[in-house]
Amino acid sequence: MTDVLTGAGALPQVRRLVTEVPGPRSRELMGRRSAAVAAGVGTTVPVFVERAGGGVIIDVDGNSLIDLGAGIAVVSVGNAAPRVVEAVQEQVAAFTHTCFMVTPYEGYVAVCEELARLTPGEHPKKSALFNSGAEAVENAVKVARVATGRSAVVVFDHAYHGRTNLTMALTAKAMPYKWGFGPFAPEVYRVPMSYPFRDPAGLSGAEAAARAMALVESQVGAANVAAVLVEPIQGEGGFVVPAPGFLPALASWCRAAGALFVADEVQTGFCRTGDWFACDDEGVVPDLVTTAKGIAGGLPLAGLTGRAEVMDAVHGGGLGGTYGGNPVACAAALGAFATMRELDLVGAARRIEGVMLPRLRELAARHPSVGDVRGRGAMLAVELVRPGTTEPDAELTGRIARACHSRGVVVLTAGTWGNVLRFLPPLVIGPDLLGEALDVLDEAFAAEAPA
Ligand SMILES: Cc1ncc(COP(=O)(O)O)c(C=O)c1O
């Protein structure tokens, strides 16, 4: 039953290398890629994919790699998950597009009903659907500005919210995301994040929130703030988990100030952190929540969900887009939600943490270059530094990532300084495969950072 639902049955769940990585066919395709695809579009692992499912990716040379990236936290239900495939096939044969704003269809409404049920809080909620996380975040800002009649948006150090013009302004890191692409949208104010590994020892979440909001009060003015926008666990910024109390303190500051608390759950949502949403961990209820990535098993879909009266503040026709909530993507999302429930992927993310966290802590005990181990559920990371300091070591991080890739394990890096190895396995990965991936990580550390 489980294999039928995960799709793991269709592909052997093993790491198997039959050529060097990348193999000859991937190298040939990389040559064509270089000639035809813009240089600005990056590549993490230079292997071309033929199939993927469960916890493996099969490349065009026949290598079977263990996937600890899930397409950047997207295929949480597994690649080509059977419920998603079935729902997509049925929908694509029925109709592919009408534009929901022209002639609506049930799938869009059903996804919004699910978002109302699943996102934090029991209050009446409404949603609008889009194509990408960045678009959902842009629309959160639009809704917050209309609903409050204010313009300022507060964001945090290390934040990542996307690559459109407004979301570049919201994103912290210049290279590569913003470099040369300005001027950026105005009325965006950045304040310090709670970053326990780098904050003064003992700074509590409430104190870190007070540090941030004191700056807002003096430099922006609470009465001008439309929204405080935060990732409950930062993604591209390096899986920074704020100290307990930080998010509740921000939410209560917003309530007092008449500003909206907006949680960007694009990377953390849909079971990834061992809860349906990362805000659930401390019972924080945002006014608006943005979702994307894990929502639809790999099809492009994003949501903005919020208090009904806030979402309804926008005039008719003010939200939308040609493709937002495409019927095929909505069908995929409904298949993905069914899979999350049937396979208890909240529990699966917690079991992944149970396997990985002790192993990563052991690794840290052996390697002084591991400065911090952090994360929740199946969103875990290690931050690499020069031993005995907090000085980031991006060069070592890159070498270890490449050593994993050449041994057949897909890992990603992250962090403002590029010194974080992050792990985002599909939540359907089996324990044996996960254990093997961790053995490979041990090998990569032994080779690149001898203790
Ligand atoms: C927290 C967060 N917000 C927004 C985005 C942007 O999403 P997309 O790449 O779908 O536009 C991302 C993507 O990584 C993200 O992690």
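Rules used throughout
- Residues numbered from 1 in each chain as written.
- Predicted model: local features only at pLDDT ≥ 70, side-chain atom pairs only at ≥ 80, totals over all residues.
- Heavy atoms only, no water.
- Phe/Tyr/Trp six-rings, centres within 6.5 Å; stacked < 30°, edge-to-face > 60°.
- Helix = DSSP H or I, 4+ residues; strand = E, 2+ residues; numbered from the N terminus.
- Buried < 20%, exposed > 50% of the residue type's maximum accessible area, 1.4 Å probe, protein only.
- Pairing = 2+ DSSP bridges.
- Axes fitted to C-alpha atoms, helices over the stretch in contact; angles between N-to-C directions.
- Contact = heavy atoms within 4.5 Å.

*Asks:* Would you mind showing me how to read the packing of aromatic side chains here?
*Replies:* Aromatic ring pairs are described here by two measures, namely the spacing of the ring centres and the angle between the planes. Tallying each qualifying case throughout the model produces seven aromatic pairs. On the basis of an interplanar angle of 65° and a centroid distance of 5.7 Å, the ring pair of phenylalanine 95 and tyrosine 105 is categorised as edge-to-face. Here the residue phenylalanine 95 occupies a position in the loop between helix H4 (82-94) and helix H5 (106-118), and tyrosine 105 occupies one in the loop between H4 and H5, the gap between them amounting to 10 residues. Overall, the relative accessible area of 9% leaves tyrosine 105 in the buried class. Through a chain of ring-to-ring contacts, three or more aromatic side chains come together here, namely Phe95, Phe100, Tyr105 and Tyr108.

*Asks:* Can you walk me through the sheet that holds strand E11 (residues 370-376) in this structure?
*Replies:* Hydrogen bonds between backbone atoms are what pair the strands of a sheet, whose relative direction is either parallel or antiparallel. Here four strands make up an open sheet; going across it, the order is E11-E12-E15-E14 and the pairing antiparallel. Only two strands of the sheet have a single partner each, and these edge strands are E11 and strand E14 (412-414). Pairs of neighbouring strands in the sheet enclose a mean axial angle of 25°, with direction left out of account. Of the pairings in the sheet, the one linking E11 to strand E12 (residues 379-384) comprises six bridges and is antiparallel in character. Each residue of the ladder has a partner; that of aspartate 372, found in E12, is glutamate 383. Sheet strands touched by helix H12 (residues 345-366): E11, E12 and strand E15 (420-423). Its angle to E11, the strand with the most contacts, is close to 170°.

*Asks:* What is the right way to look at the sheet that holds strand E10 (residues 302-307) in this model?
*Replies:* The seven strands lie next to each other as E4-E10-E9-E8-E7-E5-E6, forming an open sheet whose pairing is mixed. Each edge of the sheet is formed by a strand with only one pairing partner; in this case those strands are strand E4 (125-130) and strand E6 (188-191). Taken over all neighbouring pairs, the strand axes of this sheet differ in orientation by 20° on average, direction set aside. With six bridges joining them, E4 and E10 adopt antiparallel strand pairing. Paired with lysine 125 across the two strands is arginine 307, which belongs to E10. Against the sheet, helix H8 (residues 205-219) contacts strand E5 (152-156), E6 and strand E7 (225-230), and its axis sits at roughly 145° relative to E6.

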